[in-house]
Amino acid sequence: MIATAERVRGYGLDPDRLVWHVPVGAVVEDFQAIACSDEEGLAVPSGERDVPLHLEASDESWCPQCLLLVAAAHE
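Given the structure is predicted, the values throughout are model-derived calculations rather than measurements. (Residues numbered from 1 in each chain as written. Predicted model: local features only at pLDDT ≥ 70, side-chain atom pairs only at ≥ 80, totals over all residues. Heavy atoms only, no water.)

1. Brief notes about the sheet that holds strand β7 (residues 60–62)
Inference 1: Strands sit in the order β6-β1-β2-β7 across an open sheet of four strands; the sheet is mixed. Because the sheet does not close on itself, it has two edges, and the strands there are β6 (49–50) and β7.
Inference 2: Sheet topology places strand β2 (residues 17–21) next to β7; three bridges connect them, and they run parallel. Looking across to β7, one finds that Leu18 is bridged to Glu60. (Pairing = 2+ DSSP bridges. Helix = DSSP H or I, 4+ residues; strand = E, 2+ residues; numbered from the N terminus.)

2. A word on the environment of Glu60
Inference 1: With respect to the secondary-structure elements, Glu60 resides in strand β7.
Inference 2: In this structure the C-alpha to C-alpha distance between Glu60 and Glu6, which are 54 residues apart in sequence, comes to 9.9 Å.
Inference 3: Excluding residues within four positions of it along the chain, Glu60 makes contact with Arg17, Leu18, Trp20 and Leu55.
Inference 4: In this structure the side chain of Glu60 is engaged in a polar contact, spanning 2.9 Å, whose partner is the side chain of Trp20. (Contact = heavy atoms within 4.5 Å. Polar contact = N/O pair within 3.5 Å; in protein donor to acceptor, adjacent residues only side chain to side chain.)

3. A look at unusual backbone geometry
Trans is the prevailing form of peptide bonds, just as negative phi is the prevailing case for residues other than glycine.
Inference 1: Even without being a glycine, Asp30 presents a positive backbone phi close to 60 degrees.
Inference 2: With phi around 50 degrees, Val44 is a residue other than glycine that occupies positive phi space.
Inference 3: Mapping Val44 onto the fold places it in the loop between β5 (41–43) and β6.
Inference 4: Residue Val44 is classed as exposed on the basis of its relative accessible area, which comes to 61%. (Buried < 20%, exposed > 50% of the residue type's maximum accessible area, 1.4 Å probe, protein only.)

Pasting the structure below:
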């Protein structure tokens, strides 16, 4: 699935995490709209990549809301 990453900084000894979001539209002035929010998005996004639904890395996850929206759109 096409996605763009949000880096969530870890606290203390916790590692940084990547949360994958479904992008909406094109990047406009270094801002990427995402499927899970009409108002929020990603500033200076990482770019779009093809990301598997089942992630193997422990420091990566899908945005639960983005996955629900994609699943609902394919019903």
